[in-house]
Amino acid sequence: MKLKLILTFDHELPLGGVRTSYKEALFDPTYRLFDLAGELQVPVVLFSDILCAMRFKEWNRQQYYDPYVLQLQEAVRKQHDVQLHLHPHWLTTEFLNNTFKPSTDYKLDDFEKHNEWPVDRIIEEGTNLLTQICIAVDQKYKCNAFRAGGYNLEGNSSLIFSCLYQNGIRFDSSLTKGYYFRSGLSEINYFNLPKLPNWFIGLTGNIRKPDINGIYEIPIASIPKTPFEVPTRFKLKKLANQGPKDHGYQIHEGNPTDMQSKIKMMFSARMLSFDNYTLSIDYLMKNLSHNIRKYSKYDSAILSISGHPKSMGDYSFGLMKDFVTRVRDKYPDTEFTTFTKLAKEMNF
């Protein structure tokens, strides 16, 4: 089996509020990511929260918008990939007393019948602004991949996928097999996704039914939890010294869920991610090996690894370095790639 991996990072501020500064929370760790990627000679993908930038520009908060533009252009200049990430709550978020107050309009589906910001306008303007920023550095730049805010593709996904396709999106990387999450703002249930490594999601938006064309899904690699794992809350406390600096607030804080959903979340699959400082390099390699075994009967598999610069400190960057090194040692034929390169290879 030919394995291709995409190192993806959701390029965004803490969504509930910033404790430190925009520079410390996002720009500094992202530049550190570029440095490590250069050292390892691997490309990375920034799924960039373009609607946040759009709103900060409207609010005339140039201390965020200008460094944001420069960082995306530096990513393109270094031949990394920059792709579409939409957190639509920014469109109804207010900026008061020198800070932002996040809206509860969290999902694209919440904007299906919005008068000012219908889904088609959100996707079109987000894609256009991201393209405008990146094409200034590379005239061949194309926005062709998408990750939903909060990984949420539940709801009226037929509308979402048709609008994405009309705006040139040919890849999605929002789904994680076996993942479940629920808060007062969002519910994701990806327990019953196709068994294929990759598949087309047709423009009907049925994420559970493979099609012969549409938008090509590249899921985030995952592994089922076992009943023998130490509960995360205990590991978070025990390994707190490995955690990154706390730059801000989660948008889901203060949104409790019901007991049934909490039990489902306890058994949600784990993403292959550099964010979780309670995971070891051995566990990440176990996750990858699980996927390689699962898809060994197929000719090829393309999988994403997830991360957030805002959540990465010394431990997470060390995980990333160890992971890339071990993958090359154990699976030397594995290719680290980008959506831009895939689009050329697949004639998208």
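Fair warning: this is a prediction, and the values are worked out from it, not measured in the lab.

**Student:** Would you mind going over the pattern of salt bridges in detail, with residue names and values included?
**Tutor:** Per the stated rule, a full pass over the model turns up 17 salt bridges. Of the charged contacts, one joins aspartate 28 and lysine 23 as a salt bridge, the two residues approaching to 3.1 Å between their closest N and O atoms. The exposure class assigned to aspartate 28 is partly exposed, which follows from its relative accessible area of 32%. Connected via shared salt-bridge partners are Lys4, Glu335, Lys341 and Glu345.

**Student:** Just give me the short version of the environment of asparagine 198, but keep the residues and values in it.
**Tutor:** Here asparagine 198 shows up in the loop between strand 10 (187-189) and strand 11 (199-201). Among the residues examined, asparagine 198 registers a relative accessible area of 9% and is labelled buried. In this structure, the C-alpha to C-alpha distance between asparagine 198 and lysine 245, residues 47 residues apart in sequence, is 35 Å. Sequence-distant contacts of asparagine 198, that is, excluding residues within four places in its chain, are made with Tyr216, Glu217, Ile218, Pro219, Ala301 and Ile302.

**Student:** Which residues make up the packing of helix 2 (residues 50-58) against helix 4 (residues 119-135), and what are the values?
**Tutor:** Packing of helix 2 against helix 4 brings their axes to within 9 Å, and their N-to-C directions diverge by 80°. Looking at the two axes, helix 2 sits roughly perpendicular to helix 4. For the pair helix 2 and helix 4, the contacting residues are Ile50, Leu51 and Met54 in the first and Ile122, Glu125, Gly126, Leu129, Leu130 and Ile133 in the second. Grouping the constituent residues of the contact of helix 2 with helix 4 by class yields 7 nonpolar, 1 polar and 1 charged.

**Student:** Please provide a residue-by-residue account of the packing of aromatic side chains, values included.
**Tutor:** Tallied over the entire structure, the rule returns 24 aromatic pairs. Ring geometry for phenylalanine 171 versus phenylalanine 339: centroids 5.7 Å apart, planes at 50°, classification tilted. Highlighted residues: phenylalanine 171 in strand 8 (residues 171-172) and phenylalanine 339 in helix 10 (residues 339-345), separated in sequence by 168 residues. For phenylalanine 171, a relative accessible area of 0% gives the class buried. In this structure, arginine 19 packs its charged tip against the face of tyrosine 249, placed 3.9 Å from the ring centre. Sitting over the face of the ring of tyrosine 165, arginine 170 holds its NZ or CZ atom 3.6 Å from the ring centroid.

**Student:** Can you lay out the pairing of strand 3 (residues 45-49) for me, pointing to particular residues and giving the numbers?
**Tutor:** Most of strand 3 sits out of view: 5 of its 5 residues are buried. With burial as the criterion, each face of strand 3 is covered, one bearing Val45, Phe47 and Asp49 and the other bearing Leu46 and Ser48. When strand 1 (residues 2-11) meets strand 3, the two strands line up parallel, connected through 4 bridges. When the sheet's bridge partners are listed, histidine 11 is paired in strand 3 with serine 48. Relative to strand 4 (residues 81-86), strand 3 is paired through 5 bridges, and the arrangement is parallel. Residue pairing for strand 4: aspartate 49 is matched across the bridge by histidine 85.

**Student:** Run through the side chain of glutamine 71, naming residues and quoting values.
**Tutor:** By secondary structure assignment, the location of glutamine 71 is in helix 3 (residues 62-77). When near neighbours in sequence (up to four residues on either side) are disregarded, glutamine 71 contacts His11, Leu26, Phe27, Thr30, Tyr31 and Phe34.

**Student:** An account of a nonpolar patch on the surface is needed here, citing residue identities and associated values.
**Tutor:** Residues Met259, Ile263, Met266 and Phe267 make up a contiguous nonpolar surface patch of roughly 450 Å² in combined accessible area. Looking at the secondary structure, you find phenylalanine 267 in the loop between helix 7 (259-266) and strand 16 (270-271). Take phenylalanine 267: its relative accessible area is 49%, and that puts it in the partly exposed class.

**Student:** Now, about helix 9 (residues 314-330): what can you tell me, with residues and values included?
**Tutor:** End to end, helix 9 covers 24 Å across 17 residues, agreeing with the expected 24 Å (1.5 Å per residue, within 8%). All of the buried residues along helix 9 are Ser316, Phe317, Leu319, Met320, Phe323, Val324 and Val327. Angularly, the buried residues of helix 9 cover 150° about the axis, an arc narrow enough to put them on a single face. Along helix 9, exposed side chains directed more than 90 degrees from the buried face belong to Asp314, Asp329 and Lys330. In this fold, the buried residues of helix 9 make contact with strand 1, helix 1 (22-40), helix 8 (281-294), strand 17 (300-305) and strand 18 (335-336).

**Student:** Describe the environment of serine 280, with residues and values.
**Tutor:** Relative to the helices and strands, serine 280 is located in the loop between strand 16 and helix 8. On the accessibility criterion, serine 280 (31% relative accessible area) is partly exposed. Counting along the chain gives 36 residues from serine 280 to serine 316, while the straight-line C-alpha distance between them is 9.8 Å. The residues touching serine 280, leaving out its near neighbours within four places in the chain, are Tyr315 and Leu319.

**Student:** Let's hear about unusual backbone geometry: which residues, and what values?
**Tutor:** A positive phi angle, close to 65°, is found at glutamine 79, a residue other than glycine. Position of glutamine 79 relative to the elements: it lies in the loop between helix 3 and strand 4. Of the residues examined, glutamine 79 reaches a relative accessible area of 67% and is grouped as exposed. Positioned with a positive phi, asparagine 97 is a non-glycine residue whose angle comes to about 50°.

Conventions and cut-offs
- Residues numbered from 1 in each chain as written.
- Predicted model: local features only at pLDDT ≥ 70, side-chain atom pairs only at ≥ 80, totals over all residues.
- Heavy atoms only, no water.
- Salt bridge = Lys/Arg side-chain N within 4 Å of Asp/Glu carboxyl O.
- Buried < 20%, exposed > 50% of the residue type's maximum accessible area, 1.4 Å probe, protein only.
- Helix = DSSP H or I, 4+ residues; strand = E, 2+ residues; numbered from the N terminus.
- Contact = heavy atoms within 4.5 Å.
- Axes fitted to C-alpha atoms, helices over the stretch in contact; angles between N-to-C directions.
- Parallel < 35°, antiparallel > 145°, perpendicular 65-115°, else oblique.
- Nonpolar A, V, L, I, M, F, W, Y, C, P; charged D, E, K, R; others polar.
- Phe/Tyr/Trp six-rings, centres within 6.5 Å; stacked < 30°, edge-to-face > 60°.
- Lys NZ or Arg CZ within 6 Å of the ring centre and 35° of its normal.
- Pairing = 2+ DSSP bridges.
- Patch = residues over 30% accessible without salt bridge, like charges linked within 9 Å, V, L, I, M, F, W, Y side chains within 5 Å.
- Areas by Shrake-Rupley, 256 points an atom, 1.4 Å probe, with all protein chains shown as cover.
- Expected span 1.5 Å × (residues − 1).
- Arc of directions from axis to C-beta.

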